[in-house]
Structure formats: C-alpha cells, structure tokens
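# Geometric and topological summary
So you can see what is in the structure, the chains are spelled out below.
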Amino acid sequence: MRLALLAVVLLARVAASQPVQLQIRPHIGDTLRMHLSQTVEMIGTTAGANDPIRSMTTSIEVFTRAIPQRWTSNGTVMQTITDSVAVSPSSPAALADLRRRAMQAKKVLLRVSTDGAMELVDDGDPNSELRHLFGEMPAVLSRNTVSVGEKWTREMQIPLSSEPGAVGAVRATFQLDSLGKHGDIAYISMRGTMYRINTPNAAPAGPGYGTTGQLAGTIQIDRRLGWITDSKSSIIVRSTVAPPPSRQGEAERPPMQVRTKITQWIRAMRAR
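Residues numbered from 1 in each chain as written. Predicted model: local features only at pLDDT ≥ 70, side-chain atom pairs only at ≥ 80, totals over all residues. Heavy atoms only, no water.

## Here we look at the overall build of the chain
Across its full length, the chain carries three helices and eleven strands. For the chain, the sequential pattern of α-helices and β-strands runs α-β-β-β-α-β-β-α-β-β-β-β-β-β. For the chain, the exposed area adds up to about 15,900 Å²; of that, 54% sits on carbon and sulfur atoms. (Helix = DSSP H or I, 4+ residues; strand = E, 2+ residues; numbered from the N terminus. Areas by Shrake-Rupley, 256 points an atom, 1.4 Å probe, with all protein chains shown as cover.)

Spelled out as structure tokens, the structure:
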C-alpha cells in the first residue's frame, strides 16, 4: 500500500513538472457567460495648497455571453452579446451612460487569439464602449510551453486618461504557479510596472511631471474549456497633473498629485 501511495505521489510530481501549452481555444458552439466588474478610484491632492482632497469612485458591471463560431489561423471568432450593464454612480444624462446602455442586446464579433489577445472584428462604432472593454486586451500567455514555476514577460500599451493623447507602457511578468488536479486548471500570477512614453500626438511631459504605476493580479485558465474562467487585477497609477491656467492676479497653482486605482474582476463559466 505504501509503495502504491509513493508511486501516485511520484507520478503527480512528474506530471506537474511536465511543460504544458496554455492556450485560449474555446469549443465551437459553447456558450460562455462572463461577468466583468470594474472599479476606478481617483484621489487628487495639491501639495502646499488649501484645496480639499478630491476623490471620485465609479464602477461598472457587465454581463456578457460569448459564443465561439469558428477557428481561424488568427484565433477564434466569437459572437458576443451584452445582456446588461450597470453603472455607479448613475447619471442618465451623461454621454458615457448612454453609450453603455447602447451596448445591451448588441451582437458583435470578437476575435480571440490563442495567447489571450482580443480584438473586435466589426462592431460598427470605433468609439463604442465594447471596443474599450474588449478591444484593448493584450496578449497575456506565453506562445511556448511552460512548466510550473516558469516565468514569461509581456509588454503592452494603454491610454492614460489623465493626459489626452498620452500612452503608458506596461511591462508585466507572468508565472505559472501551479496546476490543478489532472492539470485541468492553470493558476497564474502577474506583476508589472507602468510608465509614460512619449508619442507624436502627446505633448512631452514637463519637468517634474510624469506617470508611473504598479500592476498585480491572478489568472485561472480552464484548459478543458479553453478559456480564462477567473481573472483579478489591480493597477495603481500615480500621476502629476498640470493645474488649469491661473486667472489674472492669482498666484500660480501647484500641480496636483493623482492616485488612480483600477480594480477589475472577470469571471466566466460555461452555460449549462
């Protein structure tokens, strides 16, 4: 009996040490139900000024169905349907809210590559909220096989909301932490940094101005389902924002320090 148990343990360790291919490749015809929850907290302070601390928190909940339609050389083409959207605080007159409501019951095509990158094939609106939610998701998986404990690095670009036209570069390191029973579930952790990069469309940052950030999160991949079933991430961005022009006779205002925390949780499951 002891020898049998020892053999089982050794086989489990050998299986865990074997390299595996992590891919996003859902089964054609499946219906995947996804729930995206995102919260953005912004806190602004002005050094040496009597202005009160300014803070704002917004959140969004999106429930979506994704149906894989066909495999292509560039990834899986999926039809996505947004069932409901909730925004807090709610402001019906705001343009952003109107755009989000227009997402509901809208069918669009999404292409998902095997390494996790997503792009909208055609949603008819280059400024739609769906494009911002799904069309800017970069690749996160290694294109090569990986073993438990192995790391890989990905670089991506994201727009900076505090600076129109400015772009931030994110460098993230991922690690395959462990595999579930039979290797069906892959548990991945990620950590990274962000910094501002100069682009032709953005004015260069002045002396003492800049943007930096840190990223951390976890990912779970159901290898049988071929999909990310749980993804949690948190990014903290610290920016120095130029103040508005001072009125005539007023002293020049100091820059504002803005701390933005973006927390996102995406859960998915196969519809029964």
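## Here's the deal with the packing of aromatic side chains
Throughout the structure, instances matching the rule amount to one aromatic pair. Measuring from ring centre to ring centre gives 6.0 Å for tryptophan 152 and phenylalanine 174, while their planes differ by 10°; the resulting arrangement is stacked. Note that tryptophan 152 is positioned in strand E6 (residues 151–159) and phenylalanine 174 in strand E7 (residues 167–179), a separation of 22 residues in sequence. Given a relative accessible area of 8%, tryptophan 152 falls into the buried group. The class for phenylalanine 174 is buried, based on a relative accessible area of 2%. Taking NZ or CZ as reference, lysine 232 lies 4.6 Å from the ring centre of tryptophan 265, over its face. When the ring centre of tryptophan 265 is taken as reference, the NZ or CZ atom of arginine 267 above it lies at 3.7 Å. (Phe/Tyr/Trp six-rings, centres within 6.5 Å; stacked < 30°, edge-to-face > 60°. Buried < 20%, exposed > 50% of the residue type's maximum accessible area, 1.4 Å probe, protein only. Lys NZ or Arg CZ within 6 Å of the ring centre and 35° of its normal.)

## Points about unusual backbone geometry
A positive phi angle, close to 65°, is found at histidine 182, a residue other than glycine. Its location among the elements puts histidine 182 in the loop between E7 and strand E8 (185–197).

## Structural notes on the side chain of aspartate 184
If you trace the backbone, aspartate 184 turns up in the loop between E7 and E8. A residue is classified by how much of its surface remains accessible, and aspartate 184, at 18% relative accessible area, is buried. Ignoring anything within four residues of it in the chain, the contact list for aspartate 184 reads Ile221, Asp222, Arg223 and Arg224. (Contact = heavy atoms within 4.5 Å.)

## What about the pattern of salt bridges?
Tallying each qualifying case throughout the model produces seven salt bridges. Glutamate 119 is the partner of arginine 111 in a salt bridge, and the nearest nitrogen-oxygen pair spans 2.9 Å. A relative accessible area of 21% places arginine 111 in the partly exposed class. In this structure, arginine 171 and glutamate 155 form a salt bridge, with 2.3 Å as the shortest nitrogen-oxygen distance. Of this pair, arginine 171 sits in strand E7 while glutamate 155 sits in strand E6, and the two are 16 residues apart along the sequence. Take glutamate 155: its relative accessible area is 60%, and that puts it in the exposed class. Each of the salt bridges in this network shares a partner with another, and the network as a whole consists of Asp115, Arg143 and Arg154. (Salt bridge = Lys/Arg side-chain N within 4 Å of Asp/Glu carboxyl O.)

## Considering the layout of surface pockets
Roughly 160 Å³ of volume is contained in the second largest pocket. Counting residues per element, the lining of the second largest pocket draws most heavily on strand E11 (residues 256–270), which supplies three residues. Looking at side-chain class alone, the lining of the second largest pocket contains three nonpolar, one polar and four charged residues. (1 Å grid on protein atoms, 1.4 Å probe; cavity = no way out; pocket = protein on both sides within 12 Å on 5 of 7 lines; lining within 4 Å. Points joined across faces, edges and corners; volume = space filled by probe spheres on them. Nonpolar A, V, L, I, M, F, W, Y, C, P; charged D, E, K, R; others polar.)

## Concerning the nonpolar core
Formed by 33 residues in total, the largest nonpolar core has its most connected members in Leu22, Phe174, Leu176, Ile188 and Trp227. Mapped onto this core, the elements with two or more residues apiece are strand E1 (32–46), strand E4 (107–112), strand E5 (118–122), E6, E7, E8, strand E9 (211–222) and strand E10 (227–241). Those residues in contact with tryptophan 227 that sit more than four places away from it in its chain are Ile24, Pro26, Leu32, Met34, Met78, Val112, Met118, Gln220, Ile221, Asp222 and Ala268. With five residues, the next largest nonpolar core counts Leu36, Ile60, Val85 and Ile266 among its residues. (Core = buried A, V, L, I, M, F, W, Y, C linked by side-chain atoms within 4.5 Å.)

## Notes on the pairing of E9
Relative to E10, E9 runs antiparallel, the two sharing twelve bridges. Paired with isoleucine 219 across the two strands is serine 231, which belongs to E10. Counting the residues between successive antiparallel strands, the hairpin from E9 to E10 contains four residues, one of them, glycine 226, with a positive phi of roughly 75°. (Pairing = 2+ DSSP bridges.)

## Considering the pairing of strand E3 (residues 75–88)
Each regular strand shows side chains that alternate between the opposite faces of the sheet. One ladder, built from 13 bridges, connects strand E2 (residues 54–72) with E3; its direction is antiparallel. The residue of E3 that forms the bridge with proline 68 is methionine 78. Here E2 folds back onto E3 in antiparallel fashion, the turn holding two residues. Inspection of the sheet shows E3 paired to E4 by six bridges, in the antiparallel sense. Paired with methionine 78 across the strands is leucine 110, a residue of E4.

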